[in-house]
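Spelled out from the first residue to the last, the chains are:
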Amino acid sequence: MRLKKVTQSILPTKWGDFSIIGFEEKNKLKEKKHHIALIYGDIYKKKSILTRIHSECLTGDSLFSLRCDCGNQLKTSLSLISKEGNGILIYHRQEGRNIGLINKIKAYALQDRGFDTVEANHKLGFSADERDFTVCSDIFKLLKVKKIRLLTNNPLKVKILRKSGITIEKRISLIVGINKKNKFYVNTKKKKLGHFF
């Protein structure tokens with residue numbers, strides 16, 4: 001287990017009151033990465049919990065960028081979990097598919113010159129997706145959650161979570177926020193990363 005639970009509080013939102021739980025990665029680095037889980041309702045009420053793993057996207061989640069579909073996915077997920085009456089949203093702190101904010105902006109600059117999102121990452125010396133979803137499986141284990149219904153278009157999340165011992169009863173597509181500014185980006189995710197749309 002590479003994470004530990006460090007704190008918990010209440011987070012009131014427009015979709016209702018969530019419990020916010022803070023997790024810290026166990027490593028010897030000075031800056032230990034933190035992740036959070038937002039819990040709505042009684043997650044032990046059902047055998048299979050509606051869940052979203054949402055990777056950090058400052059530009060989409062906080063600055064309302066139209067370059068991606070992230071902000072809309074975050075809002076829609078919180079709304080669906082609230083309507084369900086219980087669920088989990090893991091906010092996975094690996095910005096820009098884990099290349100970091102500055103490298104993500106560098107990738108944007110390359111995309112401005114005609115590269116797609118995968119080509120831009122490669123040009124910067126990264127793989128198409130550098131994220132580590134096993135961190136999320138550790139969060140599920142700390143929460144004692146074994147079976148989920150996952151809101152995602154990303155087959156990699158499904159594969160890694162299953163390999164880590166999490167049962168995914170159902171994958172639920174999350175097709176929101178597609179516009180003329182991000183259509184090429186979304187199509188690249190579909191063609192090169194195998195995302196379901």
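Residues numbered from 1 in each chain as written. Predicted model: local features only at pLDDT ≥ 70, side-chain atom pairs only at ≥ 80, totals over all residues. Heavy atoms only, no water.

Participant: Is there a simple way to explain the sheet that holds strand E5 (residues 87-92) in this structure?
Facilitator: Backbone hydrogen bonds hold the strands of a sheet together, and the pairing may be parallel or antiparallel. As summarised here, the arrangement of the seven strands in space is E1-E2-E3-E5-E4-E6-E7, forming an open sheet in which the pairing is mixed. Every other strand in the sheet has two partners, leaving strand E1 (3-13) and strand E7 (167-172) as the edge strands with one partner each. Here the average twist between neighbouring strands, direction ignored, is 25 degrees. Note: strand E2 (residues 16-25) against strand E3 (residues 34-40), six bridges, orientation antiparallel. In the strand pairing of E3, Ile20 is matched with Leu38. Along the sheet face, helix H2 (residues 70-84) touches E2, E3, strand E4 (49-55), E5 and strand E6 (147-151) and points at about 160 degrees away from the line of E4. (Pairing = 2+ DSSP bridges. Helix = DSSP H or I, 4+ residues; strand = E, 2+ residues; numbered from the N terminus. Axes fitted to C-alpha atoms, helices over the stretch in contact; angles between N-to-C directions. Contact = heavy atoms within 4.5 Å.)

Participant: What is the right way to look at H2 in this model?
Facilitator: Given a rise of 1.5 Å per residue, 15 residues ought to cover 21 Å, and the 21 Å separating the end C-alpha atoms of H2 matches this to within 8%. Every buried residue of H2 is listed here: Cys70, Gly71, Gln73, Leu74, Ser77, Leu78, Ser79, Ile81 and Ser82. Turning to H2, the residues buried within the fold contact E2, E3, E4, helix H1 (58-62), E5 and E6. Backbone geometry just after H2 places Gly85 at a positive phi near 100 degrees. (Expected span 1.5 Å × (residues − 1). Buried < 20%, exposed > 50% of the residue type's maximum accessible area, 1.4 Å probe, protein only.)

Participant: Help me understand a nonpolar patch on the surface, please; the structure alone is not making it clear to me.
Facilitator: Together, Leu58, Leu63, Leu101, Ile102 and Ile105 make up an exposed nonpolar region whose accessible area comes to about 440 Å². Sort the elements by how many residues they give to the nonpolar patch and helix H4 (residues 101-112) lands first, with three residues. Its relative accessible area of 44% is what places Ile105 among the partly exposed residues. (Patch = residues over 30% accessible without salt bridge, like charges linked within 9 Å, V, L, I, M, F, W, Y side chains within 5 Å. Areas by Shrake-Rupley, 256 points an atom, 1.4 Å probe, with all protein chains shown as cover. Salt bridge = Lys/Arg side-chain N within 4 Å of Asp/Glu carboxyl O.)

Participant: So what exactly am I meant to see when it comes to the packing of aromatic side chains here?
Facilitator: Each aromatic ring pair is specified by the distance between its two centres and by the angle formed by the two planes. For the structure shown, the criterion picks out one aromatic pair. Judged by centre distance (4.9 Å) and plane angle (50 degrees), the ring pair of Phe18 and Tyr40 falls under tilted. In this pair, Phe18 is assigned in strand E2 and Tyr40 in strand E3, connecting sequence segments 22 residues apart. The exposure classification of Phe18 matches that of Tyr40, with both residues buried. Lying over the aromatic face of Tyr108, Arg67 brings its terminal NZ or CZ to 4.2 Å of the ring centre. (Phe/Tyr/Trp six-rings, centres within 6.5 Å; stacked < 30°, edge-to-face > 60°. Lys NZ or Arg CZ within 6 Å of the ring centre and 35° of its normal.)

Participant: Is there a simple way to explain the pairing of E5 in this structure?
Facilitator: Note on strand geometry: in a regular strand, side chains alternate between the two faces of the sheet. Among the six residues that make up E5, six are buried, leaving the element largely enclosed by the rest of the structure. Of the two faces of E5, the one lined by Gly87, Leu89 and Tyr91 and the one lined by Ile88, Ile90 and His92 are each fully buried. Sheet topology note: the E3/E5 ladder contains five bridges and is antiparallel. Pairing of Leu38 across the sheet is with Leu89, part of E5. Direction of pairing for E4 relative to E5: parallel, over a ladder of five bridges. Its bridge partner lying in E5, Ile53 is registered against Ile90.

Participant: Any chance you could explain the nonpolar core here in plain terms?
Facilitator: If you look at the biggest cluster of nonpolar residues, it comprises 24 residues, and the most contacted ones within it are Ile53, Ile88, Phe140, Leu143, Val145, Ile148 and Leu161. Those elements that provide at least two residues to this core are E2, E3, E4, E5, helix H6 (134-142), E6 and helix H7 (155-163). Considering each element in turn, this core owes the most residues, four residues, to H6. For Ile148, the residues in contact, after removing those within four places along its chain, are Ser48, Ile49, Thr51, Phe140, Leu161, Ile166, Thr167, Ile168, Glu169 and Lys170. Residues Phe18, Leu74, Leu89 and Tyr91 belong to the second largest nonpolar core, which totals 11 residues. (Core = buried A, V, L, I, M, F, W, Y, C linked by side-chain atoms within 4.5 Å.)

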